[in-house]
Amino acid sequence: MICLKKIVKKYKSGSDEIAALNDISTEISAGEFTVVLGPSGSGKSTMLNMLGGMDRPTSGQILINGEDISLLSEKKLTDYRRKNVGFVFQFYNLVENLTTYENVGIAANLNGNVDKVLDIIKDVGLEKRIKNFPNQLSGGEMQRVAIARAVAKSPKLLLCDEPTGALDVATGNKIFDLLKKYSKNKDTAVVVVTHNPEVAEIADHVIRLRDGKIVADERNSSSD
Ligand code: ADP
């Protein structure tokens, strides 16, 4: 269980201060597919950065199973990120000179999942692309490699920032279905940030942001 309590994140911009997040509180659970929706500039990426331990709040608490990660030392925060968080980005961020197998293998190494690399790749449907390099793959395939790499760590938290932003609608929908499948693992919470409101239909939990505030926080009962 992840609990955000009264999170405020302010950025200085010249003499001005922008509250990217302005008193945000919510709970995110393992086993759920959580979608964070909102227009550009509403604070979505900032919220994801807080959850992933990439940045700290100006005030408030981020409780992960009861521990406030905003109080961790830099080293412990890096440890938290490495062991517990998988990231999926809009532009995949794969290592260009490594094959599918190697890109996933590096991440699997971190958590002792080396013997599972093949299964993980099969699970995202890329068993025929194991020896290919990223520039030999389509956008949808590259995103599947990125998802395989992220889940190879067995993360407690899978954070996805506009994962379908560079894909056509049909390919993007398949990626959302794949992410939803991983959210059904009871040990993993999947959080997807997107400006695509259609995803709300398959989400278990929808958080809507506007101007750094939560304007709606709802759980769907019939998302399966
Ligand atoms: P979204 O992901 O919804 O597009 P962001 O979380 O990226 O929104 O940004 C929220 C607000 O915070 C925006 O007004 C943005 O300009 C501002 N912001 C984000 N990161 C920084 C930063 N590092 N420095 C200054 N302002 C920032």
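Fair warning: this is a prediction, and the values are worked out from it, not measured in the lab.

(A) Quick look at the nonpolar core. Counting 38 residues, the largest nonpolar core has Phe33, Val104, Ile147, Leu158, Leu179 and Val192 as its most contacted members. The dominant element in this core, judged by the number of residues it contributes, is helix α5 (residues 139-151), at seven residues. In contact with Leu179, other than residues within four places in its own chain, are Phe33, Ile147, Leu158, Cys160, Pro163, Val190 and Val192. Grouped together as the second largest cluster of nonpolar side chains are 26 residues, Ile28, Met47, Leu77 and Leu157 included.

(B) Examining the site of the ligand more closely. Taken together, the residues surrounding the ligand are Tyr11, Ala20, Pro39, Ser40, Gly41, Ser42, Gly43, Lys44, Ser45 and Thr46. A distance of 3.1 Å is found between an oxygen atom of the ligand and a backbone nitrogen or oxygen belonging to Ser42. Between an oxygen atom of the ligand and a main-chain N or O atom of Ser45, the distance comes to 2.8 Å. Sort the elements by how many residues they give to the shell around the ligand and helix α1 (residues 44-51) lands first, with three residues. Split into classes, the residues belonging to the shell around the ligand amount to three nonpolar, six polar and one charged.

(C) Highlighting the packing of aromatic side chains. The final tally for this structure, using the stated rule, is one aromatic pair. Pairing Phe87 with Phe89 gives two aromatic rings, centres 6.0 Å apart and planes at 15 degrees, and the pair type is stacked. Note on Phe87: relative accessible area 19%, which makes it buried. When the ring centre of Tyr182 is taken as origin, the NZ or CZ atom of Lys181, which lies over that ring, is 5.4 Å away.

(D) Molecular detail of the sheet that holds strand β8 (residues 189-194). Pairing within the open sheet is mixed, and its six strands lie in the order β6-β7-β8-β3-β9-β10. Bordering the open sheet on either side are β6 (85-88) and β10 (213-219), each of which pairs with just one other strand. Along the sheet, successive strands turn relative to each other by an average axial angle of 15 degrees, direction set aside. Pairing between strand β7 (residues 157-161) and β8: five bridges, direction parallel. For Leu158, the partnering residue across the bridge sits in β8 and is Val190. Contacting β3 (33-37), β7, β8 and β9 (205-210), α1 crosses the sheet at an angle of about 155 degrees to β7.

Parameters at a glance
Residues numbered from 1 in each chain as written. Predicted model: local features only at pLDDT ≥ 70, side-chain atom pairs only at ≥ 80, totals over all residues. Heavy atoms only, no water. Core = buried A, V, L, I, M, F, W, Y, C linked by side-chain atoms within 4.5 Å. Buried < 20%, exposed > 50% of the residue type's maximum accessible area, 1.4 Å probe, protein only. Helix = DSSP H or I, 4+ residues; strand = E, 2+ residues; numbered from the N terminus. Contact = heavy atoms within 4.5 Å. Near = heavy atom within 4 Å. Polar contact = N/O pair within 3.5 Å; in protein donor to acceptor, adjacent residues only side chain to side chain. Nonpolar A, V, L, I, M, F, W, Y, C, P; charged D, E, K, R; others polar. Phe/Tyr/Trp six-rings, centres within 6.5 Å; stacked < 30°, edge-to-face > 60°. Lys NZ or Arg CZ within 6 Å of the ring centre and 35° of its normal. Pairing = 2+ DSSP bridges. Axes fitted to C-alpha atoms, helices over the stretch in contact; angles between N-to-C directions.

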